[in-house]
Every structure is written in C-alpha cells, then in structure tokens.
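What follows is each chain in one-letter form.
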Amino acid sequence: MDAGGSGGGLFSVDPLERHAARGRGVITSMAAGNDVILLGTSKGWVIRYDFGVGDSQDLDFSGGRGGDQLVHRVFVDPRGSHCIVTVLHAAGAETYYIHAKWARPRVLSRLKGLVVNAVAWNRQQITEGSTKEVLLGTENGQLFEMAVDEVDKKEKHVKLLFELTELPEAIMGLQMETAALSNATRFYVMAVTPTRLYSFTGIGSLEIVFASYSDRAVHFMELPGEIPNSELHFFIKQRRAQHFAWLSGAGIYHGDLNFGAQHSSTNGDENFVENKGLLDYSKLGEVGEANKPRSFAVSDFHFLVLIGNKVKVVNRISQKIVEDLKFDHTPESSKGIIGLCSDATAGLFYAFDENSIFQVSVHDESRDMWQFYLDMKEYATALAYCRNPIQRDQVYLVQADAAFSTRDYYRAASFYAKVNYIKSFEEISLKFVMADELDALRTFLLRRLDNLTKDDKCQVTMISMWAVELYLDKINRLLLEDDTGKVDNVASETNKTEYESIVLEFRAFLSDCKDVLDEATTMDLLERHGRIDELVFFAGLKEHYEIVIHHYIQQGETRKVLEVLQRPNVPIDLQYKFAPDLIMLDAYETVESWMVTNKLNPMKLIPAMMRYASEPHAKNETHEVIKYLEFCVHNLHNEDPGVHNLLLSLYCKQEDESALVRFLQFKFGRGRPNGPEFFYDPKYALRLCLKEKKMRACIHIYSMMSMHEEAVALALQVDPELAMAEADKVEDDEDLRKKLWLMIAKHVIEQEKGVKRENIRRAIAFLKETDGLLKIEDILPFFPDFALIDDFKEAICSSLEDYNKQIEQLKQEMNDATHGADNIRSDISALAQRYTVIDRDEECGVCKRKILTTGGAPRLARGYTSIGPMAPFYVFPCGHAFHAQCLIGHVTRCTSETQAEYILEIQKKLSLLGEKATNDSSVTANDESITSMTPLDKLRSQLDDAIANECPFCGDLMIREISLPFVLPREAEEMTSWEIKPHVPQLGPQQLRYITVRRDSSARFLLSSPAAQPALTTEESSTAPDSRLTLLDEDDEAVAALSFTDLDAWSRIPCAALAPPCTTTRLMYRKLIQRTHHQHTPFECYRGTPSVLSLYIEGGTFRWAVYSRCRGKVHPVIGNDGPSADGFRRMTAGTKDSEVRVACSRGTCGRIPR
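Before going into details, it helps to say that this report is about the structure given with it.

Rules behind the numbers
Within each chain, residue numbers correspond to sequence positions counted from 1 in written order. It should be noted that, the model being predicted, local features are given only for residues of pLDDT at least 70 and side-chain atom pairs only at 80 or more, the latter also being counted only at that level, while totals for whole chains, interfaces and linings use all residues. Water and hydrogen atoms were dropped before computing side-chain values, which therefore reflect all heavy atoms in the structure. To qualify as a helix, a DSSP run of H or I must reach at least 4 residues; to qualify as a strand, a run of E must reach at least 2; elements of each kind are numbered from the N terminus. Burial status follows relative accessibility: with a 1.4 Å probe on protein chains alone, a residue under 20% of its type maximum counts as buried, one over 50% as exposed, and anything between as partly exposed. Should any heavy atoms of two residues lie within 4.5 Å, those residues are counted as being in contact. The accessible surface values rely on the Shrake-Rupley method and a 1.4 Å probe; as for residues, cover is taken only from the protein chains in view. Each axis is a line fitted through C-alpha atoms, and for a helix only the stretch in contact is used; angles between axes span 0 to 180 degrees, taken between their N-to-C directions. If an angle is under 35 degrees, it is roughly parallel; if it is over 145, roughly antiparallel; if it lies from 65 to 115, roughly perpendicular; otherwise it is oblique. Here is the rule for handedness: rotate from the far helix to the near one, and if that takes an anticlockwise turn smaller than a right angle the crossing is left-handed, while a clockwise turn gives right-handed. Three categories are distinguished: nonpolar for Ala, Val, Leu, Ile, Met, Phe, Trp, Tyr, Cys and Pro, charged for Asp, Glu, Lys and Arg, and polar for the others, with Gly belonging to the last. Like charges are joined within 9 Å and nonpolar side chains (Val, Leu, Ile, Met, Phe, Trp, Tyr) within 5 Å, but only among residues with over 30% relative accessible area and no salt bridge; these make up the patches. Salt bridges, as used here, are contacts in which a Lys or Arg side-chain nitrogen is within 4 Å of a carboxyl oxygen on Asp or Glu. We score Asp and Glu as negative and Lys and Arg as positive, and we do not count His or the chain ends. Here the site of a charge means atom NZ of a Lys, CZ of an Arg, CG of an Asp or CD of a Glu. If DSSP finds at least two bridges between two strands, the strands pair. Each Phe, Tyr or Trp ring, with Trp reduced to its six-membered ring, pairs with another whose centre is within 6.5 Å; inter-plane angles below 30 degrees give stacked pairs, above 60 give edge-to-face pairs, and intermediate values give tilted ones. Geometrically, a lysine NZ or arginine CZ counts as sitting over a ring once it is within 6 Å of the ring centre and also within 35 degrees of the ring normal.

Considering the overall build of the chain
Secondary structure summary: the chain contains 35 helices and 46 strands in total. Within the chain, the proportion of its 1154 residues that are buried is 45%. In the chain, the share of contacts with a sequence separation of at least 24, taken over all contacts with a separation of at least 6, comes to 53%. For the chain, the accessible surface area stands at approximately 61700 Å², while carbon and sulfur atoms represent 50% of it.

See below:
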C-alpha cells in the first residue's frame, strides 16, 4: 500500500490563451471570477473572456482620448457580473464600472482623478443586479464606500469612510468579510500598504464601523522593509474566508481567520486573526532586494510566489518549496510572467505575461499534508489528513516511538495497538517484553483487541488468552509483594487498592471476552493459579452453573446458590439435583425459594424432602417440608398421589392428630366432575395410621371407604359419641344403619356397671337417641335373662302403642285403595257412553268433503266399527274432524319416515285381520271385556294411538311443520317445471316484449325467442281492468296505448297497427294445468298472409286469441279462448296442406306441424 498517495505534481500549468491581448496593446492587469477573466491592456481596452459560455468581448475604456491609455487595475466580483476598471491617462485617472450585460462602461464621476488600487466586495450580500457595499482603496490612502445598481446604470453613492493620516501610504490591498448576527451585521476589513496591515471591525454599516475609529486607534501590524507591489489575499472556501496572506517587505505574513472568535486585543479591537506566521523570503532561495516577489496567490495549503520569471509553490504549513512551475512563453513575451490572480469561485489560478494567459490547476494539494503535520508533530491534524491505513500507521508509530523513548509505556502501548501494517504484532510485543514492561504489554494486548474485528477469530482468541495469563501474573505479583509476610491470598494494605482494582478489571475482561476465550484453557489457568472466585465467576459467565452451585454449596452460601438457581436461563434440572444438599444446608431459605419458583415439579423434590424428613427435628420447630407440601396442595392444587401420600405420612409422625384429621377430611377434588375427592392412597393411609396408632384418622378412613362396621367398632374403642356419629352417616341403607346402632347399643349396655335399674334407664334413654330406629325388643336380647320385666314396662307399653298406630294407618290406606278402584270402574263404564255432536255440514279437515258422506274405502272400513253406509272418521275435542282415510294419509305425509312405515304396517295387518273377524255391534265396559280384547281391537287401538293421539292441526305435528320449507326436496323437479325463463328475441331496434292490459299489472303476455320455455304467458286477474290497453317495452316503459269503447264487444287489433311492430321468430303457447307439466304447441313464421291479434274483456276476464286466414277462412290458432291442440288437429284433418298458416305483422306467417 502506497504511503504517499498518488504521484504527480500538485499544480499543473496549461496555456489558456496565447494571444489574449488581441492586438490591443500588452496586458497590464488581470482579474478573474466565476470562470470570467478580464484583461486590461496598455491601450485602454478591457478584454472579457467568459469561459462558462464560451464568449469574449472587447471593451474600449479610452474614452476617445488619444495617446497611451494604460489600464491600471481591473477588478471583478466573485460572480463575474460587476467590474471596476481604473484607467491612467495624461490628464489623470478615470474609474469605470461595467456590468456583464452592458456593452459600454460608465464613468464613476465621483471618483474622477482618484487612482483605485484595491477593491473589496461584499461576497455574502452581492447580487447579479447590485454590488451592495463595495470598498475602494486609493493611491493616496483613502477608503471609499460605493454601491452600483445595474438598473440605475450609475453609482448610488460614493462615501469617504477613512483616510490614513498618521502615515499616508497607498492602499495596495483590500479585503472584506461579513458575519450575520441576530439583528445586525458585523464587518471585518483588512487593508495593506507597503509597510502596514490594518484591520477594522464593527457592527452596523460600513460608515458606522469606520466612524467609530475617529476616537480610537486603528489596529495595524507593521513590518520592516518596503515592497512597492504589496498585495493582500483571502483564501475563500464555500464563500467564507479561511486564511489570509500579505505580501510585505519582510516576507509573506499569513494566518487563519476566525470570524466567530472575539479575542480582544490590547487596544480594544476584536482580533479575528489566529495562528499568525511569517514566511521569510530567505526560505525561497537567493532573493535579493531587487529580486523580491512581484506577485503571489494563496491556495488552501500553498503560496504561489512569482519571483523574477519563476513561480514557486511554497507549502504554507512547512514553509518549504514543493515545486517550481514552468511556463511555455511565446517569443513575443519579453518580460515573462508579470502577474498572478485567482478565481475563488472556480478554484483556479491564472498567470499572465504581456500577451498570454496560463491556467494553473490544483491537483489534490492536501494529499501530502499529513506528512508535513507529522514532521511538525501535530499528530491529530496529521491523522485528519491521512488517506490510507499506511499513513495512519506511520503517524501512530511515530507517536508510539516517541512515547516509548520517554518511558511513557502505557501511552506507547495504546499507539502501538493501532499500528497494523508497518510493524508486526510480534515485534511490538517483544519490545515490551525486552523492556520488562508486562503491564504495558497487557495494555497493548487489550487495545489491540479493541481494534480487531470479529473475523479475526484466531488472533482474538490467542491475544485474549495471553491477556488472561498476564492478568493472573499481575494479581500473583501483587500478592507476593505483601509487606506483611502473610502467605494467604490477602494483599497488604499498601497494595490492597491496586489489588482490588486489578481484580475488578480482570473480571470485567472475562465478562467482555467470554465468547472468544477458550473455555477449557481459561478454566485450567484460573484453577492452576488458585483463583477459585474468578473460576466460579467465569463458569457463571459460560453458564456452567453446576460448577458455580457446587462451589457455593461447599462454602455454605445458600443464598448465593438460590440466587443462581433463580436466574431465568438456569436449567430447572439443577433445582432437583442440588435440592437434597440445599434443604439440609438451609431448609427455610430453600423452601422459600421453592415456593416462589414457577414450574417446579414437587414429585422430583420428594427425595430431598424425604432426606430432610428423616432427620430429627426439635419439637416446636417448623417442619419446612410440611409447609412446602401444604403450599403445593392448597395453593398450587397439586394432584400427584405421591405428594399427598408424603404429606400424610409426615402428618402421621406428628403427635397432634388434628392436622392429619383435617387433611383427611378436606376434599381436594370437589367441584371437579367425575373426579376423585382425594388424591392420596386410602389403603396406604389406613395402614400408616394403624401403624402410628392414629385411631381417629383410621375411623375417618374406614368411613370414607364405606367400611362402616369397622369404623363403628374402632370408634367404640375411642369414643362412643364418635361411633354414634359414624352410624348416622349411613342414610341409604336402613338395615346397615340399624345394625350399626345395635352394635353401639350392645356396647353401651355391656359397658354399664351401675345398678341394674340405672342401667335399664340408660338403655331406654339410648333408644330415644336413635329416633325410633331401635325398639325395646331390639335391645332386650342384650340384657341378662334374670332381668325383671317390670323394669321395661314403660318401654314395652310405648312400643305396643306405636304398633297399634301403624295398624290403624294401614287400614286407612287399604280403604283409600278400595275407593279408588271403584272410581276407576265408574270411569271405564262412562267412557262407553261418551259421544259428540257433529253438524251434518261438517267438513273433513283434509279433503274438505262432508264428514257424514256415505261410502268410503271398503278395505279400510273393515278395521273399524261399521256406522251404516258412512265412511269411518275421527272427531277431536278441538272440533276438527277427519275421514279416517284422509287422517291416515295426512299424518303419513307429515310425520317421520319411521312413523309412516309403522302406520302403514298396522293398516296392512288390520286389512288382513278384518277379513276374518266379525264386527261387534257394541262395546261393554266391564272388566271382562278389557281383559278379553281381540287382536283386531289391539291393532285398531295401536292405529288410533299412532294417528289420533292428538289433532294434526293443533298438536306437535303442526308445530313441527313451521320449520319445514314450502317446497320439499322431493318436489324440486316439480318446482323447476314451474320456472319462467324469458328470453328476449331479436325483434329489431325497438323490442316489444309485453302486451299488458292492466289496472294493477295483472294480465301480462310475453313474446320471446325459441330458447324460452314459456313463449306466451298469461296471468289472469280477479279484478276487472279498465278499458285501456298499454303496450310495454322490455324496460316496462309505455310505448303505445289503445282505447276500448265497448268492453263486452270484440275488439280486433291487427298486429300491423301496433307500435313498434311485432316481428318475432317463434311463439310458444303454454296452457296452465293445475300442478302438472306445461303443454307447448310451436309454430314458425313465414312471409305470407297478415294475421290479426284479438283482445277483449268479457265478464271481468281478459281474453285473447290469434286468428289466421287459411283456404279463405279465418281460424283461431292460439289463445285462451281458442281451440286446444286436439282441436287444431281436428280442424286441419282432411286438408291437403300439411300445416296451418299463422301470420304476424309485416308480411310474416307461421305454421303449426300436424
């Protein structure tokens, strides 16, 4: 990689115009701005070159005067629009102004006789049409303000602002800069004479600024020596002056410009010049007094100095000559280069001789500035100008070597870490090793790590591991330097701060580099150096929590272990693995941690809890395992049998049995459908309670397992009251309950040891507690045989009275049953005599025929009682009546398929049995007739139940029909046949689709093409229409209207009279038959005889017909008053023609196939 950047010179010279003067004399002055060059000649001409548009213009400033008209100075603004020219002639001096758009210059009369040597433009405010404030410096040391507008074509004002009185000298150079403040403008003005540099600054207008110097001293810089062609230049970058240079007698005085700074000078003026310097002419070679620079120009980093006939390029920072520019002069040029100028806007420089112009171009002049700043030890600036890593490495290396030589090893390490190319990593590392500066080496490695990328994995890992070893070495050295002589790992007081600092730094390093360090090597280094704390810390960073937890357990630090386990990325299995050690170490903290940890499975913690439970505990000590199990059972609603069994076993080992009993009585599964009420093993619980002699718990378990006899027997050993409570729990088995109470009674009688009469009284009192379940006779066998009967007299009498009451109650119930049976017999006898009155005009609900109609289905009647010649029928309490046949058919159609098949099967059986059985004339209502019912009667009863259980119009059958569709799925084909599918025929520009007679749009006819099934549709209204016939088009818009005078008379309307005409290609006739298919009679149209369409209203009914003439006769062909299709065939029988001709309007006729 090239450290110096690209080769070649910084400046190049190219001839721009060889004969730029164009014979107007020799060039005397030159100015440039915005690719515009103006040349002043010795004959009073100014030649304008506009390279932006490729144009040139010769301007005569001689004013018609004869003799020499020397153009003394020419000035142009940065935009290239405004130009000021000073011309010297025999009569004196004239100053002119010319705009780029003008063809002729204008004399500035107020400046007549004044020689203008310098002009300063207001670069921030100048426009194409106005110069704004312009400063002019004259030969006699005066400063004028002038403003010119292009529209006015003359100066607006010319004001004298300032005059040098202390040392009157010609003003040779002038520059101005402005800075906008919040509500004003600050002006900065610099002016030079052959010996001095003046600076002016102030806020307001130029007039105010210079007026302020009437009562204060002017700030100036005076240098020894004198130069006749003194110049002042600003370097402009982005329309703002960056630095200045003054060509003085002592050298080139230069500096940076900071118009934002407000450093007060000793005389009160604000000094805006910084980093001032002087370039002595002696550094430019052998420059004598007669060979001082004649002109110069300023670039960003260089001066272009014209000395003699040569232009030298001098670096402004290092003040060294970097190159000499060579110009290719023409033979006519005798003086060589006579001047330099610059175009700040275009960033170009120009040189000129008497006839030619040369362009000096800048080529990346900042490319070597890093080296100049580096030589000056301005490292930060040098880095700013570096172009590639090699250059930056050189800057860093120089800084590092300088720091290393002064034994500032840490600073040297930081700079060496940034060197990547020109010096190897090994060479730098060995340099620190040889100097025995391991701390600086560690700093170098750490900084080098910061500069490496993720792609350098191998190098990053190696350097990181080396840094780990250096950290460990540093820590061990601090421990060995302990002044107290201790041998443990406690640093001395003097090194304690440094020790703690390096340990914290090492841990931070491990945390930052945990992903790049080799895990096994790092842990081995930490272990071999005895840094157990750091080993645990690193294991935690690498998520080797098992090592961390094991270390903390060995140290007995339970809380630290639990903090590690509570981390979200720690595997839950470690909780189970270390649970036995933790609970033995600190049961309280461990259990508290378990209770706040989610997703723990208590089943996997049982080994740890059993280990804790096996250890002896103080009597009043809180059992932490019981606390955790109770939390799982009551709060977490755990249902694992193992958890419940373990909690139960721990309860059994407690002296107090109350907690165990409460646990057994609590129904953990309540509220869950089909779920158990408890989750522990009752057999295991019973065995454990018996072993631990927890009798009350055993009683509860026996009762829960429905082993009531065992529960009562055990309860009698503990507490008879408890036995009575257990006996009362049996409610659904009266015998078992009595047996249990007998066990209790026997125990009570046998346990009483008092006086015999006292025992008997207690036994009688016990009977009362059973609420009548036990009688005196039940407990008598438990008394001894020698007991006196007198002692039981009262109880026996009470028992006999109870039996007497029960006998009387049974007698009453028997009487009530006998009375009920008599009532049933009466009702059965009354049923045979029940009747209803039927009106003779009563109609069947289905067929609408009279119920009392004679005849009927003989086959069906066989299954019913004969009622003369009338058909069998049903009458319902609601008043609806149906023929038996109609009711069966209706119910069969409307009920389910299974029920319909059942009804038809009964009908079939009735028909078969009806042929063999004899009809009974009457029905008796005694018990014998009920029991001796014939098979025919049973079938008829079944049929009655199936079809006449309820009225089909008032019962559930009608309610279910609400949800059925009007058209059943089996009627889909029938419904399709009723669809009307009109099709519009091609009837010409106006199509007639409907012929309608309507008051209410009731009668309607549709003419359509062959594709439509109904070619002609009628809809008859029950309301008689009026006498107006309306013809509608396809959009239902009326197109014609005809009136009838006599509704009862025939009104024949020829088709030709209709508007628009009917020119259909095919007609279809449809006659509606109730719930059957349609009949169609097609006929086609041909050209022939005209036809007539007849419409009339008769008796409130609309009628129509089409008539045709055939063989001299008029025949009705189609209509709702004409012959049927059979009539057509009969009408045409015997004729020779094979068709009946039918005509439409406009000469078309039709035929009907025979």
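Here's the deal with the packing of helix 14 (residues 573-585) against helix 16 (residues 606-614)
In the contact formed by helix 14 and helix 16, the axes pass within 8 Å of each other and the chain directions differ by 30°. On the basis of their axis angle, the class for helix 14 and helix 16 is roughly parallel. The two elements helix 14 and helix 16 meet at a crossing, and its hand is right-handed. The residues of helix 16 that touch helix 14, namely those facing Ala579, Pro580, Asp581, Ile583 and Met584, are Ala608, Arg611 and Tyr612. Looking at side-chain class alone, the contact of helix 14 with helix 16 contains six nonpolar, no polar and two charged residues.

Quick word on a negative patch on the surface
Residues Glu731, Asp732, Asp733 and Asp735 make up a contiguous surface patch of negative charge. With respect to the secondary-structure elements, aspartate 735 resides in helix 24 (residues 734-751).

What about the packing of helix 7 (residues 438-451) against helix 8 (residues 457-480)?
Their axes nearest at 9 Å, the elements helix 7 and helix 8 cross at an angle of 150°. By the angle between their axes, helix 7 is roughly antiparallel relative to helix 8. Crossing handedness for the pair helix 7 and helix 8: left-handed. Contact residues: helix 7 offers Leu438, Asp439, Leu441, Arg442, Leu445, Leu446, Arg448 and Leu449, while helix 8 offers Gln459, Val460, Ile463, Ser464, Trp466, Ala467, Leu470, Tyr471, Asp473, Lys474 and Arg477. Residue composition of the contact of helix 7 with helix 8, grouped by class: eleven nonpolar, two polar and six charged.

Observations concerning the sheet that holds strand 24 (residues 295-298)
The strand order across the open sheet built from four strands is 24-25-26-27, with neighbouring strands paired in antiparallel fashion. Looking at strand neighbours, the two that pair on one side only are strand 24 and strand 27 (321-325), the edges of this open sheet. Averaged over all adjacent pairs, the angle separating strand axes in this sheet is 20°, with direction ignored. With four bridges connecting them, strand 24 and strand 25 (residues 302-307) associate as antiparallel partners. Following the sheet pairing, phenylalanine 296 is matched in strand 25 by valine 305.

Describing a nonpolar patch on the surface
On the surface, Leu430, Val433 and Met434 cluster together to form a nonpolar patch covering roughly 330 Å² of accessible area. If you trace the backbone, methionine 434 turns up in helix 6 (residues 425-434).

Let's talk about the pattern of salt bridges
According to the stated counting rule, one finds 35 salt bridges in the structure shown. A salt bridge links aspartate 149 to lysine 156, with the shortest nitrogen-to-oxygen separation between them at 3.7 Å. Here lysine 156 falls in the partly exposed class, since its relative accessible area comes to 46%. Aspartate 364 is the salt-bridge partner of arginine 387, the closest N and O atoms lying 2.6 Å from each other. Taken together, the residues span a long stretch of sequence, with arginine 387 in the loop between helix 3 (379-384) and helix 4 (389-405) and aspartate 364 in the loop between strand 30 (357-362) and helix 2 (369-375) at a distance of 23 residues. Residue class for arginine 387 comes out partly exposed when judged on its relative accessible area of 42%.

What to know about the pairing of strand 13 (residues 154-163)
Where strand 12 (residues 142-149) meets strand 13, eight bridges bridge the pair, whose relative direction is antiparallel. Among the inter-strand pairings, aspartate 149 is bridged to a residue of strand 13, identified as lysine 154. The hairpin turn running from strand 12 into strand 13, its antiparallel successor, is four residues long, and lysine 153 in that turn takes a positive phi close to 60°.

Remarks on the packing of aromatic side chains
Enumeration over the complete set of coordinates arrives at 30 aromatic pairs. With 6.4 Å between their ring centres and 85° between their planes, tryptophan 246 and tyrosine 253 make a pair best called edge-to-face. Across the pair, tyrosine 253 and tryptophan 246 agree in class, each one buried. Relative to tyrosine 680, the ring of phenylalanine 663 lies with its centre 5.6 Å away and its plane at 40°, an arrangement referred to as tilted. Of this pair, phenylalanine 663 sits in helix 19 (residues 658-665) while tyrosine 680 sits in the loop between helix 19 and helix 20 (682-691), placing them 17 residues apart in sequence. Each of the two residues, phenylalanine 663 as well as tyrosine 680, counts as buried. An aromatic cluster of at least three residues, connected via ring pairs, comprises Phe404, Tyr409, Tyr416, Phe425, Phe432, Phe444 and Trp466. Lying over the aromatic face of phenylalanine 220, arginine 196 brings its terminal NZ or CZ to 4.1 Å of the ring centre. The ring of tyrosine 471 carries arginine 442 above its face, with NZ or CZ at 5.0 Å from the centroid.

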